[in-house]
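Observations on the three-dimensional arrangement
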Amino acid sequence: MAVGGESSRAFVPPSAKHLDYALFALDRVTATQPGRLGAPLLTLVERLVRRGIVAVISDLYDEPEAVAAAIRPLRYAGHDVMVFHVLDPAEIDFSFGSDASFEDLESGDRLPVVPEALGDEYRALVQAHIAAIRRLMAGSRIDYGVFNTSVPLDHALFHFLATRERLSRAR
């Protein structure tokens with residue numbers, strides 16, 4: 001298990017015995033800077049000596065080509081890669097009713113927003129971003145799924161893994 005931002009901030013070697021360490025490392029993580037996948041995933045590729053299953057869990061807030069370029073080396077190294085694109089319902093629907101000031105949790109920057117003026121354009125951009133990442137992941141034979149945080153994790157994982165199983169039979 002690896003946790004990254006601009007660099008790899010925590011690494012727990014793969015082992016069934018390390019679950020407690022992995023959960024402890026995840027519990028201590030806070031967003032302190034904008035995250036980029038490239039450097040931490042490259043470090044992970046170098047540290048993983050045996051091929052295995054790698055799950056990348058992220059909000060994927062970066063250009064789709066940058067996301068794909070960061071994740072592809074895992075696939076090229078022979079790993080079975082799954083990408084979990086985790087989004088809050090508000091990030092997908094943008095269902096805000098009144099003017100608001102949004103704060104970037106990673107940088108602390110604040111941005112005033114008028115939802116009525118930006119809602120349709122925002123939703124279209126998010127859907128285009130998701131479609132671009134989905135296309136790039138499929139082109140690299142990397143399993144990709146969008147996970148809405150309002151859906152219970154067991155339901156979302158079951159749906160993702162069932163779809164993955166169906167697709168692997170077709171390959």
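In this report, the structure presented in the accompanying data block is examined. (Residues numbered from 1 in each chain as written. Predicted model: local features only at pLDDT ≥ 70, side-chain atom pairs only at ≥ 80, totals over all residues. Heavy atoms only, no water.)

**Quick word on the overall build of the protein**
Formally: Each helix is a run of H or I in the DSSP string that is no shorter than four residues. Each strand is a run of E no shorter than two, and both are numbered from the N terminus. Partly exposed describes any residue whose relative accessible area lies between the buried limit of under 20% and the exposed limit of over 50%, with all areas from a 1.4 Å probe on protein chains only and scaled to the type maximum. When checking whether two residues touch, look at their non-hydrogen atoms; a contact exists if any pair is within 4.5 Å. Using a 1.4 Å probe, accessible areas were evaluated by the Shrake-Rupley method; residue-level cover was limited to the displayed protein chains.
Counting secondary structure elements, the protein contains 6 helices and 7 strands. From first element to last, N terminus to C terminus, the protein shows the α and β order β-β-α-α-β-α-β-α-β-β-α-β-α. By the burial criterion, 30% of the 171 residues in the protein qualify as buried. A fraction of 66% describes how many contacts in the protein between residues 6 or more apart in sequence connect residues 24 or more apart. Carbon together with sulfur atoms contributes 57% to the accessible area of the protein, which is approximately 11100 Å² in total.

**Comments concerning the packing of aromatic side chains**
The condition that has to hold: Between rings of Phe, Tyr and Trp, where Trp is taken as its six-membered ring, a pair exists when centres lie within 6.5 Å; planes separated by under 30 degrees are stacked, by over 60 edge-to-face, and by other angles tilted.
Counted under the stated rule, the structure contains 7 aromatic pairs. Between Phe 94 and Phe 102, the aromatic rings sit 6.0 Å apart at their centres with planes inclined by 75 degrees, giving edge-to-face as the arrangement. With relative accessibility at 26%, the residue Phe 102 sits in the partly exposed group. The rings of Phe 94, Phe 96, Phe 102 and Tyr 122 are connected pair by pair, giving a single aromatic cluster.

**Digging into helix H2 (residues 38–47)**
Keep this limit in mind: Starting at the helix axis, one direction is taken to each C-beta atom, and the arc is that of these directions.
Along H2, the positions that sit buried rather than exposed are Pro 40, Leu 41, Leu 44 and Val 45. Along H2, the residues classed as buried sweep out an arc of 140 degrees about the axis, all on the same side.

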